[in-house]
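Results of the structural survey
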Amino acid sequence: MSAPAPQRYRSAARRKGVPDDVLANALASMDRIRATDPRITPVLTLRHLALLTGVPYRYLRQVVARRAALGYRTFHLRKRVPGRSRTRLICIPPKSLKEVQRWIVENVLRHVAPHPSSFAFHPGSSPVLAAEEHCDCSYLLKVDIEDFFHSVAEGSVATVFQVIGFQKLIAFEMARLVTIPVDRSRPVPDPAARWPAIPFYHCAYEGMLPQGAPSSPMLANLVMRHADEQLAALAARSGMRYTRYADDLAFSAPRGSTVTLADVRRFRAHVLGILNEHGFKPNLRKTVIRGPGSRRIVLGMLVDGNRPRLAREFKDNLRLHLHYLSSPDHGPAAHALARRTGVSSMYHHVRGLISWAACVEPDYGAEALERFRAARWPLVQPRLAEMAETGRK
């Protein structure tokens, strides 16, 4: 949704009797946002956002003030490699709030470019492209950020919107709409000092990005931009390469470089220091160095050659599925029963594995897909994405 031309906007505002100073401020705000990217839809006030999204203004104001029962649906998922906690908190926003968050994604965030070292959560991104950056490396350092989304505070999110060009108040209000309040058990900015003229907005707790909201991934990417700049500069000075895929950071030294194990260890200390400065806590259990003689894996792909390859464990798992699915003594129904799942779930699970294999190793993926289709599948309900894809064809 593009903004109106300045001439048309000025003419319509004058016909409605808008004061010249208010009109000038509105046009200046629109110009600042357009300077970031002309495709971004300017939002001038919270009431303006309500009009653009079709969500009632009263509801938005209650959410911003933390007065409304937000209605997030929460549950926990067990982590494969636990850090400070063994589970991951997932927060799914209610329908009306999710619509606003999706509108912000489609009309604002998707038009703001993250740092070039980021390979997730933006159009054209891919984990395979991230892994390609580290192919044929001698040393590999992997760092994981713990509780990535929950480490991003509403103040950092508001700063992102301000940098895009939004005025301070609407930037704060949009930040409240995409975060949830949480007691962090640490000092937080005094809301009365930040917004003395709006007591209705005072809240004792500062918000964080909820994992499960559609706006959180892109916002976390943009909040990380300054840290990405520092990490990329540090890597360049040290003769290393740097990529980040969400909360997975990878640094590598090209084969033939003069980088030693001692250099990588010193480099690791600087990386952890930069992350701490920006409020991110590394998961030390998943922070590892891999050198010559060890397998170097980035995002599940081997990068010790000249192109990414699927790990042996992945191929063994897929091969096992295809064996039982195509075996006359087993087949899809018996295999699904043995795995304590349904045939439809098994179908989509294995099909997803094959799609990933085709992204990394196309020939291997094509061969696996042929074997998959040869299995005697009963009628399986397609997923909505597959139905949409079939419709486009």
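Reading the values: rules and limits
Residues numbered from 1 in each chain as written. Predicted model: local features only at pLDDT ≥ 70, side-chain atom pairs only at ≥ 80, totals over all residues. Heavy atoms only, no water. Phe/Tyr/Trp six-rings, centres within 6.5 Å; stacked < 30°, edge-to-face > 60°. Helix = DSSP H or I, 4+ residues; strand = E, 2+ residues; numbered from the N terminus. Lys NZ or Arg CZ within 6 Å of the ring centre and 35° of its normal. 1 Å grid on protein atoms, 1.4 Å probe; cavity = no way out; pocket = protein on both sides within 12 Å on 5 of 7 lines; lining within 4 Å. Points joined across faces, edges and corners; volume = space filled by probe spheres on them. Nonpolar A, V, L, I, M, F, W, Y, C, P; charged D, E, K, R; others polar. Axes fitted to C-alpha atoms, helices over the stretch in contact; angles between N-to-C directions. Parallel < 35°, antiparallel > 145°, perpendicular 65-115°, else oblique. Contact = heavy atoms within 4.5 Å. Buried < 20%, exposed > 50% of the residue type's maximum accessible area, 1.4 Å probe, protein only. Arc of directions from axis to C-beta. Pairing = 2+ DSSP bridges.

Let's shift gears to the packing of aromatic side chains. Scanning the entire structure with this criterion turns up 9 aromatic pairs. For the pair phenylalanine 161 and phenylalanine 166, a centre-to-centre distance of 6.1 Å together with 85° between the ring planes defines the contact as edge-to-face. Considering the side-chain rings of tyrosine 347 and phenylalanine 372, the 5.1 Å spacing of their centres and the 50° angle between planes classify their relative orientation as tilted. Of this pair, tyrosine 347 sits in helix α15 (residues 343–360) while phenylalanine 372 is found in helix α16 (residues 362–374), placing the two residues 25 residues apart along the sequence. Members of the aromatic cluster, joined through ring pairs, are Phe121, Phe148, Phe149 and Phe280. Positioned over the ring face of tyrosine 57 is arginine 47, at 3.9 Å from the centre of the ring. The lysine or arginine in question, lysine 315, covers the ring of tyrosine 364, its NZ or CZ lying 4.7 Å from the ring centre.

Approximately 330 Å³ is the volume found for the second largest pocket. Forming the walls of the second largest pocket are 21 residues, and the residues nearest its centre are Tyr9, Val22, Ala26, Leu44 and Thr45. Those elements that provide at least two residues to the lining of the second largest pocket are α1 (6–15), α2 (20–36), α3 (46–53), α4 (57–64) and α8 (168–177). In terms of residue class, the lining of the second largest pocket is made up of 12 nonpolar, 4 polar and 5 charged.

Before going further, it helps to spend a moment on the packing of helix α13 (residues 312–326) against helix α14 (residues 331–338). Two elements in contact, α13 and α14, have axes separated by 7 Å at closest approach and are oriented at 130°. Put simply, α13 runs oblique to α14. Two secondary-structure elements touch here, α13 through His321, Tyr324 and Leu325 and α14 through Gly331, Pro332 and His335. The class makeup of the residues in the contact of α13 with α14 is 3 nonpolar, 3 polar and no charged.

This paragraph deals with the environment of glutamine 167. Summarising the element assignment, glutamine 167 is placed in the loop between α7 (154–164) and α8. Linking glutamine 167 and alanine 26, residues 141 residues apart in sequence, is a C-alpha distance of 9.6 Å. Residue contacts for glutamine 167: discarding those within four places in its chain leaves Asn25, Ser29, Arg32 and Leu44.

This part takes up unusual backbone geometry. Backbone geometry at aspartate 147 places phi at a positive 50°, although glycine is not the residue there. Topologically, aspartate 147 is positioned in the loop between β3 (137–146) and α7.

What follows covers α4. When we look at burial in α4, the residues that qualify are Leu60, Val63 and Val64. Here the buried residues of α4 occupy an arc of 100° about the axis, which is enough to place them on one side. On the buried face of α4, the contacting elements are α3, α5 (95–107) and α8. Looking one or two residues past α4, arginine 66 carries a phi angle of roughly 60°, positive in sign.

The buried count for β3 comes to 9 of 10 residues, which makes it a mostly enclosed element. Across 7 bridges, β3 lies against strand β7 (residues 248–254) in antiparallel orientation. Following the sheet pairing, leucine 141 is matched in β7 by phenylalanine 251. Direction of pairing for β3 relative to strand β9 (residues 288–290): antiparallel, over a ladder of 3 bridges. Note that in β9 the partner of leucine 141 across the bridge is isoleucine 289. Relative to strand β8 (residues 281–282), β3 runs antiparallel, the two sharing 2 bridges. The residue of β8 that forms the bridge with glutamate 146 is lysine 281.

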